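# Coordinate analysis (summary)
Below are the chains, spelled out letter by letter.
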Amino acid sequence: MNYNTLGKTDLKISELGFGTWAIGGSWGKTNDEEALKAIELAVERGVNFFDTADVYGMGHSEELLAKALKGKESQVHIATKFCRQGDIHDSETYTMAQVSSYLEDSLRRLNRDQIDLYQIHCPPFEILEDGSVFEVLEKLKQEGKIRNFGVSVESVEEGMYVLENTNADSLQVIFNLFRQKPLEQLFPAAEEKGVGILARVPLASGLLTGKYTETHKFEEDDHRNFNRDGEAFNVGETFAGLEFPKGVELSSKLDWIAEERGNMSRAALKWVMQQEEVTSVIPGFRNRKQVEDNLSAVEVKPFSEGELEQLRDFYQKEVHEFIRGVY
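Read on for a plain summary of the structure. (Residues numbered from 1 in each chain as written. Predicted model: local features only at pLDDT ≥ 70, side-chain atom pairs only at ≥ 80, totals over all residues. Heavy atoms only, no water.)

### Concerning the overall build of the chain
How we decide: In this description a helix means any DSSP run of H or I spanning at least four residues, a strand means any run of E spanning at least two, and both kinds are numbered starting from the N terminus. Note on method: radius of gyration uses C-alpha positions; expected globular size equals 2.2 Å times residues raised to 0.38. For every residue, the accessible area obtained with a 1.4 Å probe (protein chains only) is divided by the maximum for its type, and the residue is called buried under 20%, exposed over 50%, and partly exposed between those limits. By the convention used here, residues are in contact when the closest approach between their heavy atoms is within 4.5 Å. Reported accessibility uses the Shrake-Rupley method at a 1.4 Å probe radius. Residues are deemed covered only where the shown protein chains occlude them. Counting rule for charge: Lys and Arg are taken as positive, Asp and Glu as negative, and neither His nor the chain ends is counted. Throughout, a charge is located at the NZ atom of Lys, the CZ atom of Arg, the CG atom of Asp or the CD atom of Glu.
The number of helices and strands found in the chain is 13 helices and ten strands. Here the C-alpha atoms of the chain give a radius of gyration of 18 Å, agreeing with the 20 Å that 2.2 N^0.38 yields for 327 residues. Within the chain, the fraction of its 327 residues that count as buried is 58%. Residue pairs in contact within the chain that sit at least 24 positions apart in sequence constitute 77% of those at least 6 positions apart. As displayed, the chain offers around 13500 Å² of accessible surface, 43% of which is attributable to carbon and sulfur atoms. The distance from the centre of the 37 positive side-chain charges to the centre of the 57 negative ones in the chain is 5 Å.

Next comes the structure, spelled out in structure tokens:
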């Protein structure tokens, strides 16, 4: 496992971490015992970074992390997120009193005295422009409740605003082979500012595993069913903003990336890790098998310059125009 420093912070995190949305809920059937075993395996194999949020299973993923990491708290860095338990458009959601309440609840569930990275969870642009939430986060940092803070954003425009107008330590962005726009402007700007990049949805909600057909049916409580067209939240969080049938069609055109890399999942994760501005990629998981497979991406054959160029052309010519939602 390789480790990268998160921007200007003192956090040195594994180039492959894990996101915990899937073990909290909204991805169909979950199994807590499987999730706990999967977390333990990841840590055994050198993973020292997990990303979660207070709304993943309404705190359940935070509780699972606390249980799995008991006694290992000093070895593993945790990032969590806030604001979506309230009205994300209401300025009251971002006051010192309310943010402190969210933070104390997360600290209790995680069984920690301090959060390594506290992130605003995809706030509307007007909240970023208002800026008062960043004053709250600066105070919480001074008080020692959080070590660092960042923003999970939906678009390049939001990310650029954060870089230019705040002291955020990190940006979390949707980034994968189907969603390459951040490479053009956002990533170079983040590197120049010394801001870390966390890449979420790296497998495009499973499309980049290559295992789905157009007729696949997802469980009722899986966001790939109830948010496939953005009915519940930003459509980009589900299949990277592609319509499912189109995503399946496009993924079939990428099956060549698996050659000498085991499978498409490992190849897709390797591509993300090869982008030098990315501090850590955070795929989701529900069991040990998925963790094991994702960990294998660290060791697989990197892409050549020619292959990287081919993948850039593929995105620009065949994918970009079909992405829906703010981007």
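Following the structure, the description resumes.
### Details of unusual backbone geometry
In this model, serine 205 sits at a positive phi of 60 degrees, which is unusual for a non-glycine residue. Following the sequence through the fold, serine 205 ends up in the loop between β9 (196-200) and α9 (223-226). Taking the relative accessible area as the measure of exposure, serine 205 reaches 5% and is therefore buried.

### Observations concerning the environment of arginine 324
You can see arginine 324 is positioned in the segment after α13 (305-319). Taking the C-alpha atoms as reference, arginine 324 lies 33 Å from alanine 42; in sequence the two are 282 residues apart. Not counting the four nearest positions on each side in its chain, arginine 324 is found in contact with Arg179, Arg228, Asp229, Val235, Gly241, Leu242 and Glu243.

### Quick look at helix α10 (residues 244-252)
Along α10, the residues classified as buried are Phe244, Lys246, Gly247, Val248, Leu250 and Ser251. Turning to α10, the residues buried within the fold contact α11 (264-273) and α13.

### Description of the packing of aromatic side chains
Filter applied, for reference: Planes of paired rings set the category: under 30 degrees apart is stacked, over 60 is edge-to-face and the rest tilted, where pairs are Phe, Tyr or Trp rings (Trp by its six-membered ring) whose centres lie within 6.5 Å. Placement of a charge over a ring requires the Lys NZ or Arg CZ to be within 6 Å of the ring centre, with the centre-to-atom vector within 35 degrees of the ring normal.
One pass over the structure, following the stated rule, counts 16 aromatic pairs. Taken together, the aromatic side chains of Trp21, Tyr56, Phe226 and Phe233 make up a single cluster linked through ring pairs. A cation sits over an aromatic face here: lysine 181 above tyrosine 327, 5.3 Å from the ring centre. For the cation-ring pair, lysine 246 lies above phenylalanine 322, with the distance from its terminal atom to the ring centre recorded as 4.1 Å.

### Examining the side chain of histidine 121
Examined against the element boundaries, histidine 121 turns out to sit in strand β6 (residues 115-121). Here histidine 121 falls in the buried class, since its relative accessible area comes to 9%. In contact with histidine 121, not counting residues within four places along its chain, are Ala53, Val55, Tyr56, Lys81, Phe82, Cys83, Arg84 and Ser152.

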